[in-house]
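Here are the chains, one letter per residue:
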Amino acid sequence: EKQAMPTITVIEFSGQDHTIDVQSGMSLMENVVASGVPGIDADCGGAGACGTCHCFLAEDFQAVAGEADPMEESMLGMRPDRADSSRLSCQVQVSDDMDGMVVRLPEYQM
Ligand code: FES
């Protein structure tokens, strides 16, 4: 039997929240952009080279999302709004384990 699609809640900087259906195997960036929720620019199209897909992951899902690699770390280091929960959403692969995850978007993308 086919499982229901996982959902993720995306919260814009304004506080406006959106619960979206997400597809496993696509990046978090691709899922958020496909949902039409504004706030992720993704200028480089997901190559991990622009830093305009920055987001903050709820603490209880950070382990599921895994560690940022050194290239992602260095891109995040250029963000003045970098936090412990920061990730580049194009580098986070969505999985069924992320059902219920909460993702906050920053005030601006560079
Ligand atoms: Fe450019 Fe993620 S889309 S770093």
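These numbers were taken from a predicted model, which means no experiment stands behind them.

## Structural notes on the overall build of the protein chain
Secondary structure summary: the protein chain contains 3 helices and 5 strands in total. Helices and strands in the protein chain line up, N terminus first, as β-β-α-β-α-α-β-β. Rg of the C-alpha trace for the protein chain: 13 Å, near the compact-globule value of 13 Å for 110 residues, within the 12% margin. Burial statistics for the protein chain: of 110 residues in total, 43% are counted as buried. Sequence separation of at least 24 residues holds for 67% of the intrachain contacts in the protein chain that already meet a minimum separation of 6. Of the roughly 5900 Å² of accessible surface on the protein chain, a fraction of 48% belongs to carbon and sulfur atoms. Within the protein chain, one finds 5 positive and 19 negative side-chain charges whose respective centroids are separated by 2 Å.

## Considering helix H1 (residues 28-35)
Residues Leu28, Met29, Asn31 and Val32 constitute the buried set of H1. All buried residues of H1 project into a common sector of 165° when viewed along the axis, lining one side. On its buried face, H1 is in contact with strand S1 (7-11), strand S2 (17-21), strand S3 (54-57) and strand S5 (101-104). Residue glycine 36 follows H1 closely and has a positive phi angle near 85°.

## Description of the packing of aromatic side chains
Scanning the entire structure with this criterion turns up 0 aromatic pairs. Stacked on the ring of tyrosine 108, the Lys or Arg arginine 79 has its end atom at 5.5 Å from the ring centre.

## Description of the pattern of salt bridges
Charged atoms that come close allow side chains of opposite charge to pair. The final tally for this structure, using the stated rule, is 3 salt bridges. Arginine 82 is the salt-bridge partner of glutamate 73, the closest N and O atoms lying 3.0 Å from each other. For glutamate 73, a relative accessible area of 32% corresponds to the partly exposed category. Judged by its relative accessible area of 33%, arginine 82 is partly exposed.

## Brief notes about the environment of cysteine 53
Its location among the elements puts cysteine 53 in the loop between H1 and S3. A C-alpha to C-alpha distance of 12 Å links cysteine 53 and valine 103, two positions 50 residues apart in sequence.

## Considering the environment of cysteine 55
Along the chain, the position of cysteine 55 falls in strand S3. Its relative accessible area of 1% is what places cysteine 55 among the buried residues. Sequence separation between cysteine 55 and leucine 105 is 50 residues; the distance between their C-alpha atoms is 4.8 Å. Look past the residues within four positions of cysteine 55 in its chain and what remains in contact with it is Leu28, Ser85, Ser86, Arg87, Ser89, Val103, Arg104, Leu105 and Pro106.

Thresholds, definitions, all that
- Residues numbered from 1 in each chain as written.
- Predicted model: local features only at pLDDT ≥ 70, side-chain atom pairs only at ≥ 80, totals over all residues.
- Heavy atoms only, no water.
- Helix = DSSP H or I, 4+ residues; strand = E, 2+ residues; numbered from the N terminus.
- Rg over C-alpha atoms; globule rule 2.2 N^0.38 Å.
- Buried < 20%, exposed > 50% of the residue type's maximum accessible area, 1.4 Å probe, protein only.
- Contact = heavy atoms within 4.5 Å.
- Areas by Shrake-Rupley, 256 points an atom, 1.4 Å probe, with all protein chains shown as cover.
- Lys, Arg positive; Asp, Glu negative; His and termini not counted.
- Charge placed at Lys NZ, Arg CZ, Asp CG, Glu CD.
- Arc of directions from axis to C-beta.
- Phe/Tyr/Trp six-rings, centres within 6.5 Å; stacked < 30°, edge-to-face > 60°.
- Lys NZ or Arg CZ within 6 Å of the ring centre and 35° of its normal.
- Salt bridge = Lys/Arg side-chain N within 4 Å of Asp/Glu carboxyl O.

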